[in-house]
Amino acid sequence: MKIYEKAPAKINLMLDVLHKREDGFHEVEMVMTMVDLADRLEMEELPRDTIIISSQAGYIPLDEKNLAFQAAKLIKERYDVRKGVYIHLDKHIPVAAGLAGGSSDAAAALRGLNRLWQLNIPQEELLKLGAELGSDVPFCVTGGTAIASGRGEQLERIINPPQCWVILAKPPINVSTADVYGNFKVERIGKHPSLANMVQAIEQQSFADICAHLGNVLEDVTLPMHPEVLQLKEAMIRLGADGVLMSGSGPTVFGLVSKESKVARIYNGLRGFCKEVYAVRMLT
């Protein structure tokens, strides 16, 4: 039997960092949602007790550094599963891009293996397993739209934003989340985005207000470190995207676009800056 799971990318409509915690993580407030750019995982049971991962992408680890591998190992150890699994990872989400590609793969592996091995793990427990793998994994387990707090693992579901186009552009650089947070200083932030305003805009289904309240304090660190991210952001604004923001710790920049007639012009204009450009829809 083969099990298939889709692993969509996430974007942060709003990301604020409140302070550094005693455990070394940062206390955050975020609003996260998903877009229709996705990896796909195919899972098949193996008779011998091993984990094998393959992928058409030549640039990702296929061993214990891979989050889907870690998810499979965690489930096997926690629930004493003495069977093996072969996972093929059809990769489409850019790596180290601020889009939670690895986290979404791990979440898809947790969901898929729960079904493949008929473990009947309740969703609440899957979320806790996800939190052991990474801060974004619990959100990716359930998807949708959520307010995330703590280090990102405490979730409160809210309604999805109104449907729109999302243009994603990743410059040809990788950004280390650890480096960005390592250089982050809360006291240097001039203006914090408003969680209340963003949530209200989504609840009222106001596309204009969502665009007006986009905000990400990590831009204050990533943009000076990587000027090409700022250039990309400025280009997207110039080309006519309604709301533009860096996702996560970067370097991917996304633009929200309400009119389909604008999409091709923005997409083609951005291709002059970078190869990795995607025009997708918000998942609602």
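Nothing here was measured: the structure is a model prediction, and the numbers come from that model. (Residues numbered from 1 in each chain as written. Predicted model: local features only at pLDDT ≥ 70, side-chain atom pairs only at ≥ 80, totals over all residues. Heavy atoms only, no water.)

> Help me understand the overall build of the chain in this model?
A count of helical and extended segments in the chain gives 10 helices and 11 strands. For the chain, whose C-alpha radius of gyration is 19 Å, the value lies close to the compact-globule estimate of 19 Å for 284 residues. Looking at the 284 residues of the chain, the share that counts as buried comes to 56%. The contacts in the chain between residues at least 6 apart in sequence include a share of 75% that link residues at least 24 apart. Only carbon and sulfur atoms are counted for the fraction: they give 48% of the accessible area of the chain, which is about 12,600 Å². (Helix = DSSP H or I, 4+ residues; strand = E, 2+ residues; numbered from the N terminus. Rg over C-alpha atoms; globule rule 2.2 N^0.38 Å. Buried < 20%, exposed > 50% of the residue type's maximum accessible area, 1.4 Å probe, protein only. Contact = heavy atoms within 4.5 Å. Areas by Shrake-Rupley, 256 points an atom, 1.4 Å probe, with all protein chains shown as cover.)

> Can you walk me through the sheet that holds strand β7 (residues 165-170) in this structure?
Backbone-to-backbone hydrogen bonds join strands into a sheet, with any given pair of strands oriented parallel or antiparallel. Pairing is antiparallel in the open sheet, where 4 strands are placed in the order β9-β10-β7-β11. The sheet terminates laterally at β9 (243-246) and β11 (276-281), the two strands that pair on one side only. Recorded for the sheet is a direction-independent mean angle of 20° between the axes of neighbouring strands. By the bridge criterion, 4 bridges tie β9 to strand β10 (residues 253-257) in an arrangement that is antiparallel. What sits directly across from M246, in β10, is V253. On top of the sheet, helix α9 (residues 227-238) reaches β7, β9 and β10; it is set at about 10° to β10, its chief contact. Sheet strands touched by helix α10 (residues 260-270): β7, β10 and β11. Its angle to β7, the strand with the most contacts, is close to 5°. (Pairing = 2+ DSSP bridges. Axes fitted to C-alpha atoms, helices over the stretch in contact; angles between N-to-C directions.)

> Would you take a moment to explain the pattern of salt bridges for this structure?
Charged atoms that come close allow side chains of opposite charge to pair. This model, assessed by the stated rule, comprises 16 salt bridges. K73 is the partner of E64 in a salt bridge, and the nearest nitrogen-oxygen pair spans 3.2 Å. With a relative accessible area of 45%, E64 lands in the partly exposed category. We classify K73 as partly exposed; its relative accessible area is 31%. Taking the shortest distance from any N to any O, the salt bridge between D242 and K262 comes out at 3.1 Å. Of this pair, D242 sits in the loop between α9 and β9 while K262 sits in helix α10, placing them 20 residues apart in sequence. The class for D242 is partly exposed, based on a relative accessible area of 30%. (Salt bridge = Lys/Arg side-chain N within 4 Å of Asp/Glu carboxyl O.)

> What am I meant to see in the pairing of β10 here?
The side chains of a regular strand alternate, residue by residue, between the two faces of the sheet. In terms of burial, β10 is a largely internal element, 5 of the 5 residues being buried. Burial of the side chains of β10 extends over both faces: V253, G255 and V257 are buried on one face and F254 and L256 on the other. In this structure, β7 lies alongside β10, joined through 5 bridges in antiparallel fashion. Across the sheet, residue V166 finds its bridge partner in β10, namely L256.

> Can you walk me through the pairing of strand β1 (residues 2-20) in this structure?
Strand direction decides the pairing type here: β1 and strand β2 (residues 26-46), joined by 17 bridges, are antiparallel. Pairing of K10 across the sheet is with M34, part of β2. Turn length for the β1-β2 hairpin, with the two strands adjacent in sequence and antiparallel, is 5 residues, and the turn residue G24 shows positive phi of about 95°. Sheet topology places β1 next to strand β8 (residues 215-216); 2 bridges connect them, and they run parallel.

> How do you make sense of the packing of helix α1 (residues 67-78) against helix α3 (residues 123-133) when you look at a structure like this?
The relative placement of two packed helices comes down to the angle between their axes together with the axis-to-axis distance. The interhelical angle for the contact between α1 and α3, taken along N-to-C directions, is 125°, at an axis separation of 10 Å. As summarised for this structure, α1 and α3 are arranged oblique, according to the angle between their axes. For α1 against α3, the interelement crossing comes out right-handed. Residues L67, Q70, A71, L74, I75 and R78 of α1 touch α3, and the partners they reach there are L129, E132 and L133. (Parallel < 35°, antiparallel > 145°, perpendicular 65-115°, else oblique. Left-handed = near helix turned anticlockwise from the far one by under 90°.)

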